[in-house]
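Geometric and topological summary
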Amino acid sequence: MARWYIIHAYSGFENKVRDSILSEAERLGLSDGVEAVEVPTETVTEIKRGKKVQVERKFMPGYVLAKLQLTDDVYHLVKNTSKVTGFLGSGSKPQPISEKEAARYFGGVAAAQAAPKREINIDYEIGDSVKVNAGPFASFNGIVEELDFEKSRVKVAVSIFGRATQVEMGFDEVELTK
């Protein structure tokens, strides 16, 4: 009987690990033991340079879910896959997760896809003049140098004692000067 397992992979290589496991299982004739390999993702809408962009974001970065019949051959196939650091579990024995827990991960992904998309909406871009309205640099003016939509952070160059100093803060801590 196949059970769901969580495989720990190098962050950023989840899709490559999924593809490698599936193709290696096919090559070795172990497709019966590898029922499914999934990388849970969600779709998020972001505003970049005034345009809406759909971005696929990993729901569980660094992890891949696999429904496996865990024989020795399948275990070694997964364990020896490039960019895999191991299974989630105590010691060297992989711990399966319940169908209910697996459904929660995929339900979470489905719910995230069905729910209204989280929108990051800012009215300034790189090179714009902004005013800091929170924190120790409140009421300072500066120039936007960098926007990080992943972390909702902005880097602003403010003038302190006549020298430009880069300060990082949240999107909501600055506003466009009129």
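Attention here is on the structure that accompanies the text.

What counts, and at which threshold
Residues numbered from 1 in each chain as written. Predicted model: local features only at pLDDT ≥ 70, side-chain atom pairs only at ≥ 80, totals over all residues. Heavy atoms only, no water. Pairing = 2+ DSSP bridges. Helix = DSSP H or I, 4+ residues; strand = E, 2+ residues; numbered from the N terminus. Axes fitted to C-alpha atoms, helices over the stretch in contact; angles between N-to-C directions. Contact = heavy atoms within 4.5 Å. Buried < 20%, exposed > 50% of the residue type's maximum accessible area, 1.4 Å probe, protein only. Arc of directions from axis to C-beta. Core = buried A, V, L, I, M, F, W, Y, C linked by side-chain atoms within 4.5 Å. Expected span 1.5 Å × (residues − 1).

Strand order across the open sheet formed by four strands is S2-S5-S1-S6, with antiparallel pairing between neighbours. For this open sheet the edge positions go to strand S2 (34-38) and strand S6 (84-87), each flanked by a neighbour on one side alone. Sheet twist, expressed as the mean angle between neighbouring strand axes with direction ignored, is 25 degrees. In the sheet, strand S1 (residues 3-9) pairs with S6 via three bridges, with the strands oriented antiparallel. Looking at the pairing, Ala9 lines up with Val84 of S6. Against the sheet, helix H1 (residues 14-28) makes contact with S1, S2, strand S5 (63-68) and S6, and its axis sits at roughly 165 degrees relative to S2, the strand it touches most.

Another aspect to go through is the environment of Arg18. Position of Arg18 among the secondary structure elements: in helix H1. Put simply, Arg18 and Gly142 are 124 residues apart on the chain and 45 Å apart in space, counted from C-alpha to C-alpha. Ignoring anything within four residues of it in the chain, the contact list for Arg18 reads Val37 and Val39.

Read across the sheet, five strands follow the order S11-S10-S9-S8-S12 without closing on themselves; strand pairing throughout is antiparallel. Only two strands of the sheet have a single neighbouring strand rather than two, namely strand S11 (163-170) and strand S12 (174-176). Each strand of the sheet is rotated relative to its neighbour by a mean of 45 degrees, with strand direction disregarded. When strand S8 (residues 129-132) meets S12, the two strands line up antiparallel, connected through three bridges. Note on S12: the bridge partner recorded for Lys131 is Glu175.

For helix H2 (residues 72-79), every residue scored as buried is listed here: Val74, Tyr75, Leu77 and Val78. Each buried residue of H2 sits inside an arc of 160 degrees when the element is viewed along its axis, so together they form one side. Opposite the buried face of H2, by more than 90 degrees, sit the exposed residues Asp72 and Asp73. Looking at the buried positions of H2, the neighbouring elements they touch are S1, H1, S2, S5 and S6.

Attention now goes to the environment of Lys52. Mapped onto the elements of the fold, Lys52 is located in strand S4 (residues 51-58). Assessed through its relative accessible area of 60%, Lys52 is described here as exposed. Separated by 20 residues in the primary sequence, Lys52 and Asp32 have C-alpha atoms spaced 42 Å apart.

What follows is about the nonpolar core. In terms of nonpolar packing, the biggest core is built from 19 residues, with Ile7, Ile21, Val34, Val64, Leu68 and Phe87 touching the most fellow members. Residues within four places of Val64 in sequence aside, it is in contact with Tyr5, Ile6, Ile7, Ala9, Glu14, Val17, Val37, Glu38 and Val39. One finds Ile122, Phe149, Val156 and Phe171 within the second-largest nonpolar core, a separate group that totals 14 residues.

A few words now on H1. Along its 15 residues, H1 runs 21 Å from first to last C-alpha, staying within 8% of the 21 Å computed at 1.5 Å per residue. Those residues of H1 lying buried are Glu14, Val17, Ile21 and Ala25. Projected down its long axis, H1 shows its buried positions confined to an angular sector of 60 degrees, all on one face. Turned more than 90 degrees away from the buried face of H1 sit Lys16, Glu26 and Arg27, all of them exposed. One or two steps after H1, the chain reaches Gly29, where phi turns positive at roughly 75 degrees.

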